[in-house]
Structure formats: C-alpha cells, structure tokens
Amino acid sequence: GAGVSQTPSNKVTEKGKYVELRCDPISGHTALYWYRQSLGQGPEFLIYFQGTGAADDSGLPNDRFFAVRPEGSVSTLKIQRTERGDSAVYLCASSLGGDWTGELFFGEGSRLTVL
Amino acid sequence: AQSVAQPEDQVNVAEGNPLTVKCTYSVSGNPYLFWYVQYPNRGLQFLLKYITGDNLVKGSYGFEAEFNKSQTSFHLKKPSALVSDSALYFCAVRDMVTDKLIFGTGTRLQVFP
C-alpha cells in the first residue's frame with residue numbers, strides 16, 4: 001500500500017492475555033519504529049529496526065514486550081501477560097533509513113485496551 | 001540527551017488570527033527538528049523540518065517554523081488560522097546517535113470560528 005498499515009486498529013483484551021500487533025511499512029523503507037502513545041502524552045519510543053535487526057530496543061518497558069521483523073518488512077509487536085497499564089495506542093512508523101534528515105511516516109495506530 | 005519541550009498544553013486562537021505553538025530544544029550538536037500534527041483518530045502527519053540553512057522553514061498547510069539557535073527554540077507559526085487546523089501538534093528532535101525521533105508532550109490547538 002501507499003502508507004504504513006497497522007492491524008488491528010482496535011484490540012480489547014483481558015489482563016494476562018497475549019497480544020500481537022502488526023505493522024506493514026511503506027515498501028522500500030528499511031527503518032521501522034514502534035512507539036507507544038498514552039492518553040494526553042507524546043509518542044514514547046519503544047524499538048527501532050534497521051532491516052531485520054533491532055538496532056535499538058532501549059524503549060521496551062520490560063521483558064513482556066518483544067518485537068520481530070524477520071524478513072525486513074512486516075513487523076510484529078508482541079506483548080505477553082498484558083497489564084492494564086499497557087493500554088495505549090501503539091504507533092508504527094517507517095523511513096528510508098540511514099538518512100538523518102528524513103521524516104518518519106506513521107500508521108494510524110493500534111489502540112490496545114486491557115480490561 | 002536530546003529533548004524537546006512544549007510549554008503549552010493548549011493554545012486557543014480565533015479563526016483568521018496568527019497562531020504560534022512553542023517548542024524549545026536541548027541537544028548536543030546540530031539539531032534536526034520536526035513538527036508533526038495529529039488529527040482525531042488519525043496517525044501523525046509530518047508538517048515540516050529544520051535540518052540546516054534558512055532559519056525560516058515552510059511546510060504543509062501553510063505552516064512555517066522559525067529556528068532560533070540563541071533561544072534554542074523552534075516555534076510553529078501560521079499567519080492566519082483555520083478552524084480545520086484544530087489538532088494536536090508535536091515537536092520532535094532526531095537523536096543523532098540512535099536515529100530515533102524524540103517527541104514533546106504535544107500542544108492542542110483549538111481554532112474558534
């Protein structure tokens with residue numbers, strides 16, 4: 001597609017369940033980012049991929065969060081044993097990579113609600 | 001560490017009046033600064049960026065921003081506001097070590113008819 005695609009757009013789950021959020025970046029973009037945005041806050045960095053490898057995962061809050069990008073395109077953010085505090089909008093962005101001056105292109109986000 | 005600050009949670013302006021949304025930055029080295037806008041239930045959209053060169057940067061939808069090195073500011077401006085400009089605006093700085101964007105807390109712009 002023309003833009004960054006994220007699925008699902010909305011996910012409601014129960015505390016303790018496992019969740020997967022998917023991101024399909026713009027074709028040809030080698031860099032992929034995951035951010036989390038809580039209500040009334042700015043996007044908070046989680047993890048950054050350059051190609052297949054996680055170049056920076058310093059923003060992942062704990063070991064319940066994990067992300068993969070096995071073929072250097074689609075990425076999946078995985079959250080184990082979800083907690084109510086994980087409720088937020090999870091944003092994915094992509095860019096050409098290796099270009100410090102380039103902007104990031106964001107998807108519309110996946111809204112996660114943990115009951 | 002790189003950071004940006006947006007001192008105003010909300011800015012209210014009447015349609016047709018000029019608007020300013022403030023942003024200050026703290027970086028080591030030359031800053032790469034960005035403005036993004038978020039409309040309700042939509043993803044973040046790029047507005048404009050400052051990398052180098054002219055301190056006045058022009059972007060989408062008639063917005064512009066002025067880079068001021070002495071005041072470490074990068075305020076977003078528009079000469080004449082529209083009701084449709086009402087949205088959440090984020091200032092961001094590129095971290096040159098990790099290649100990630102670091103966002104401010106956002107400013108909600110409300111333009112009244």
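Anything mentioned here points back to the structure above.
Overview of the structure. Computed from a predicted model, the values in this text were never measured in an experiment.

**Details of the environment of A:Ser95**
Working step 1: Tracing the sequence through the fold places A:Ser95 in strand E9 (residues 88-95).
Working step 2: If sequence neighbours within four positions are ignored, A:Ser95 has contacts with A:His29, A:Thr30, A:Ala31, A:Tyr33, A:Glu103, A:Leu104 and B:Arg94.

**With respect to the sheet that holds strand E3 (residues 19-24) of chain A**
All names here are of chain A.
Working step 1: Spatial ordering of the open sheet is given by E1-E3-E8-E7, a layout of four strands whose pairing is antiparallel. Every other strand in the sheet has two partners, leaving strand E1 (5-7) and strand E7 (65-68) as the edge strands with one partner each. In this sheet, neighbouring strand axes are inclined to one another by 15° on average, regardless of whether the strands run parallel or antiparallel.
Working step 2: By the bridge criterion, four bridges tie E7 to strand E8 (residues 75-79) in an arrangement that is antiparallel. When the bridges of E8 are listed, Ala67 appears paired with Leu77.

**Regarding the layout of surface pockets**
Working step 1: Here the largest pocket defines a volume of roughly 670 Å³.
Working step 2: A:Gln37, A:Val89, A:Arg111, B:Gln38 and B:Asn41 are, among the 28 residues lining the largest pocket, the residues nearest its centre.
Working step 3: Listing elements by their share of the lining of the largest pocket, those giving two or more residues are E9 and strand E11 (110-114) of chain A.
Working step 4: Tallying contributions element by element places E11(A) first for the lining of the largest pocket, with four residues.

**As for the interface of chain B and chain A**
Working step 1: The interface is formed by 23 residues belonging to chain B together with 24 residues belonging to chain A.
Working step 2: Buried area between chain B and chain A, summed over both chains or domains, comes out near 1,900 Å², and the portion from carbon and sulfur atoms is 52%.
Working step 3: Linking chain B to chain A there are six residue pairs in polar contact (both at pLDDT 80 or more).
Working step 4: The set of elements that each furnish at least two residues to the side of chain B that touches chain A consists of strand E5 (33-38), strand E6 (44-50), strand E10 (87-94) and strand E11 (101-103) of chain B.
Working step 5: Split into classes, the residues belonging to the side of chain B that touches chain A amount to 11 nonpolar, six polar and six charged.

**Points about unusual backbone geometry**
Working step 1: Look at the link from A:Thr7 to A:Pro8: it is a cis peptide, with omega at -10°.
Working step 2: Among the secondary structure elements, A:Pro8 is positioned in the loop between E1 and strand E2 (10-13).
Working step 3: Residue A:Arg81 is not a glycine yet carries a positive backbone phi of 45°.
Working step 4: As for its placement among the helices and strands, A:Arg81 is situated in the loop between E8 and E9.
Working step 5: We classify A:Arg81 as partly exposed; its relative accessible area is 46%.
Working step 6: One non-glycine residue with positive phi stands out, namely B:Tyr61, at about 55°.

Conventions we followed
Residues numbered from 1 in each chain as written. Chains lettered and ligands numbered in written order. Predicted model: local features only at pLDDT ≥ 70, side-chain atom pairs only at ≥ 80, totals over all residues. Heavy atoms only, no water. Helix = DSSP H or I, 4+ residues; strand = E, 2+ residues; numbered from the N terminus. Contact = heavy atoms within 4.5 Å. Pairing = 2+ DSSP bridges. Axes fitted to C-alpha atoms, helices over the stretch in contact; angles between N-to-C directions. 1 Å grid on protein atoms, 1.4 Å probe; cavity = no way out; pocket = protein on both sides within 12 Å on 5 of 7 lines; lining within 4 Å. Points joined across faces, edges and corners; volume = space filled by probe spheres on them. Buried area = accessible area lost by both parts, 1.4 Å probe. Polar contact = N/O pair within 3.5 Å; in protein donor to acceptor, adjacent residues only side chain to side chain. Nonpolar A, V, L, I, M, F, W, Y, C, P; charged D, E, K, R; others polar. Buried < 20%, exposed > 50% of the residue type's maximum accessible area, 1.4 Å probe, protein only.

Function cannot be read off these values alone, since they describe shape.
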